[in-house]
Amino acid sequence: MARFEEYKDIFVFVEQENGNIAEVSYELISEARKLVASIPEFGYKVVGVLLGENVKEKAQEVISHGADKVIVVDDALLKDYSTQFYADALTQVVLAHKPDSMLTGATPLGRDLAPRVAARLNVGLTADATKIEVDLEYAKETGESLLDVTRPTFGGNLFGTIVCKDTRPQMATIRPKVFELAPTDTTRTGEVEEFTPSWTTTDPQVFVEKVIEKVKADVDITKANILVGAGRGAENCLDVLQKVADELGGVVCCTRAVVEDGFLDKDRQVGQTGKTVRPSLYIACGISGAVQHCAGMDKSDLIISINRDPQAEIFNISNMGFVGDCATVLPLLVESIKAAKAE
Ligand SMILES: Cc1cc2nc3c(=O)[nH]c(=O)nc-3n(C[C@H](O)[C@H](O)[C@H](O)COP(=O)(O)OP(=O)(O)OC[C@H]3O[C@@H](n4cnc5c(N)ncnc54)[C@H](O)[C@@H]3O)c2cc1C
């Protein structure tokens with residue numbers, strides 16, 4: 001008997017808060033569909049695991065986004081996120097169903113939950129991944145499906161691919177916006193299974209109060225369709241950079257250098273230690289193109305860069321580039337956009 005014959009399917013933890021499902025869960029389901037399609041001989045399904053209270057009605061939404069099956073754990077103890085109860089429930093779902101792999105969004109919740117579940121199961125976890133592939137050669141040789149999970153390492157200067165050959169499930173947390181969201185199909189049908197955990201926890205925490213952090217940012221850069229990115233080279237002309245964003249109906253974001261220099265808030269930062277964005281248009285102004293920044297924006301549909309250094313790394317990932325001073329180019333850009341709009 002092959003080592004992991006009883007393990008099958010790709011499970012995706014479906015994160016929700018007040019019944020609103022986190023988009024990253026659907027990005028992971030979209031990617032899991034591609035993974036199972038690459039190994040049709042295994043006959044794997046994509047299974048969503050939905051935890052919460054009164055969340056069963058959300059199962060069809062998860063199926064519409066690509067799941068073949070949804071396992072729902074509906075319990076009052078899961079109303080709000082609790083490390084203890086969520087880890088307990090998810091561990092039991094995994095032990096009962098034996099998935100080949102389990103993917104979770106690298107959100108604050110996912111980063112708290114997934115390692116605890118991995119530790120309870122005594123399996124490996126690749127955190128903060130940016131790419132997942134099935135090792136097709138290995139699958140052919142061994143009859144086992146092995147995930148090659150890639151993540152930035154050494155401060156983002158290198159990418160490492162991690163495999164968990166000897167344990168199942170293979171677990172990973174993946175950053176939001178790394179994978180593309182597949183279109184929804186509301187006619188899709190799938191199985192919904194309810195799972196009742198037997199709580200093993202002996203020392204329940206008491207939920208006293210939920211304090212919601214005041215949203216500092218007036219905007220969410222991850223939702224913007226057009227982003228105008230400010231780098232250190234545009235710090236002396238941020239007002240005109242804002243005008244470019246306004247004229248285009250876009251939003252200003254920035255590099256870590258600009259945050260560290262005190263010009264913009266951290267929630268505007270794009271990159272490895274900031275946010276991952278995927279807009280239709282990203283205009284990079286005075287940005288050098290360090291890997292840690294590019295990791296957060298290189299999947300933008302169209303990248304236009306302005307930099308006075310023709311050798312700047314940012315040009316290597318740009319669709320179009322202007323060699324020039326931002327303080328000169330940006331006012332011209334505002335005028336050109338205005339003129340184009342007036343036509
Ligand atoms: C662990 C780690 C995590 C990190 N995470 C992030 C992250 O999440 N996001 C992030 O952005 N960085 C991150 N960094 C920092 C990153 O390595 C770079 O230092 C940073 O992105 C550089 O920002 P910058 O391009 O604005 O500045 P600089 O590197 O100083 O580049 C400025 C650029 O502007 C050009 N320029 C200067 N003046 C002008 C002008 N007048 N007109 C036109 N061009 C001009 C210059 O030619 C240069 O290319 C991280 C670093 C580490 C070690």
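Since this is a predicted model, take the numbers as computed values, not measurements.

A word on the sheet that holds strand β10 (residues 158-162). The antiparallel open sheet is built from 3 strands, whose spatial order is β8-β9-β10. Among the strands making up the open sheet, the edge pair consists of β8 (131-134) and β10. Across the sheet, the mean angle separating the axes of adjacent strands is 25 degrees when strand polarity is ignored. Judged from the 5 bridges that link them, strand β9 (residues 147-153) and β10 form a sheet pairing that is antiparallel. Paired with T153 across the bridge in β10 is L158. On top of the sheet, helix α1 (residues 23-38) reaches β8 and β9; it is set at about 20 degrees to β8, its chief contact.

Within this structure, the stated rule accounts for 4 aromatic pairs. Measuring from centroid to centroid gives 5.0 Å for Y81 and Y86, while their planes differ by 70 degrees, and the two rings are edge-to-face.

Taken together, 25 residues lie near the ligand, and R232, T255, T273, S288 and Q292 sit nearest. Q269 places a side-chain nitrogen or oxygen 2.8 Å from an oxygen atom of the ligand. For the ligand, an oxygen atom lies 2.8 Å from a polar atom in the side chain of Q292. Protein coverage of the free-state accessible area of the ligand, which is 980 Å², stands at 77%. Elements supplying a minimum of two residues to the shell around the ligand: α7 (256-260) and α8 (291-294). Counted by class, the shell around the ligand contains 5 nonpolar, 15 polar and 5 charged residues.

Turning to the domain arrangement of the protein chain, a few remarks are in order. Considered domain by domain, the protein chain is made up of domain 1 (10-194) and domain 2 (221-342). The distance between the C-alpha centroids of domain 1 and domain 2 comes to 33 Å. Residue-level contacts link 11 residues of domain 1 with 10 residues of domain 2. When domain 1 packs against domain 2, close to 920 Å² is buried across both sides, 42% of that on carbon and sulfur atoms. In this structure, R278 engages E180 in a salt bridge whose closest nitrogen and oxygen atoms are separated by 3.5 Å. Where domain 1 touches domain 2, the interface holds 6 residue pairs in polar contact (both at pLDDT 80 or more). Grouping the amino acids of the side of domain 1 that touches domain 2 by side-chain chemistry returns 4 nonpolar, 4 polar and 3 charged.

Looking now at helix α6 (residues 238-248). Buried within α6 we find L238, V240, L241, V244 and A245. Buried positions in α6, seen along its axis, are confined to an arc of 165 degrees and lie on one side of it. Among the structural elements, β13 (226-230), β14 (251-254), β15 (281-285) and α9 (326-342) are those in contact with the buried residues of α6. Two residues or fewer past α6, G249 is found with a positive phi of approximately 70 degrees.

Interhelical geometry of helix α3 (residues 83-97) versus helix α4 (residues 108-121) gives an angle of 50 degrees and a closest axis separation of 9 Å. Taken together, the axis directions place α3 and α4 in an arrangement best described as oblique. Taken as a pair, α3 and α4 cross one another with a handedness that is right-handed. Contacts between α3 and α4 involve T83, Q84, Y86, A87, D88, L90, T91, V94 and L95 from the former and D112, L113, R116, V117, R120 and L121 from the latter. For the contact of α3 with α4, a count of residues per class yields 8 nonpolar, 3 polar and 4 charged.

With that settled, the discussion passes to the pattern of salt bridges. Inspection of every chain in the model, using the stated rule, returns 19 salt bridges. The salt bridge partner of K56 is E194, with a shortest N-O separation of 3.0 Å. Taken together, the residues K56 in the loop between β4 (46-52) and α2 (59-64) and E194 in strand β12 (residues 191-194) connect sequence positions 138 residues apart. Judged by its relative accessible area of 41%, K56 falls in the partly exposed class. Judged by its relative accessible area of 49%, E194 falls in the partly exposed class. A salt bridge links E61 to K58; the shortest N-O distance between them is 3.2 Å. A single network of salt bridges, built from pairs that share partners, joins R3, E144 and D166.

Moving on to the side chain of Q16. Looking at the secondary structure, you find Q16 in strand β2 (residues 16-17). In terms of polar contacts, Q16 uses its side chain to reach the backbone amide nitrogen of N18, at 3.5 Å. When residues no more than four places from it in sequence are discounted, the contact partners of Q16 are I21, L50, L51, G52, V55 and Y86.

Another aspect to go through is the sheet that holds strand β5 (residues 69-74). Read across the open sheet, the 7 strands follow the order β7-β11-β6-β1-β4-β5-β12; overall the sheet is parallel. Two strands in the sheet have a free side with no partner beyond their single neighbour: β7 (125-129) and β12. In this sheet, adjacent strand axes meet at a mean angle of 20 degrees when their direction is disregarded. As defined by bridge partners, strand β1 (residues 10-14) adjoins β4 across 5 bridges and the pair is classed as parallel. Counted as the bridge partner of I10 is V46 from β4. Contacts from α1 reach β1, β4, β6 (101-105) and β11 (170-174), with the element oriented near 175 degrees to β1.

Calculation notes
Residues numbered from 1 in each chain as written. Predicted model: local features only at pLDDT ≥ 70, side-chain atom pairs only at ≥ 80, totals over all residues. Heavy atoms only, no water. Pairing = 2+ DSSP bridges. Helix = DSSP H or I, 4+ residues; strand = E, 2+ residues; numbered from the N terminus. Axes fitted to C-alpha atoms, helices over the stretch in contact; angles between N-to-C directions. Contact = heavy atoms within 4.5 Å. Phe/Tyr/Trp six-rings, centres within 6.5 Å; stacked < 30°, edge-to-face > 60°. Near = heavy atom within 4 Å. Polar contact = N/O pair within 3.5 Å; in protein donor to acceptor, adjacent residues only side chain to side chain. Areas by Shrake-Rupley, 256 points an atom, 1.4 Å probe, with all protein chains shown as cover. Nonpolar A, V, L, I, M, F, W, Y, C, P; charged D, E, K, R; others polar. Domains from an automatic or database assignment. Buried area = accessible area lost by both parts, 1.4 Å probe. Salt bridge = Lys/Arg side-chain N within 4 Å of Asp/Glu carboxyl O. Buried < 20%, exposed > 50% of the residue type's maximum accessible area, 1.4 Å probe, protein only. Arc of directions from axis to C-beta. Parallel < 35°, antiparallel > 145°, perpendicular 65-115°, else oblique. Left-handed = near helix turned anticlockwise from the far one by under 90°.

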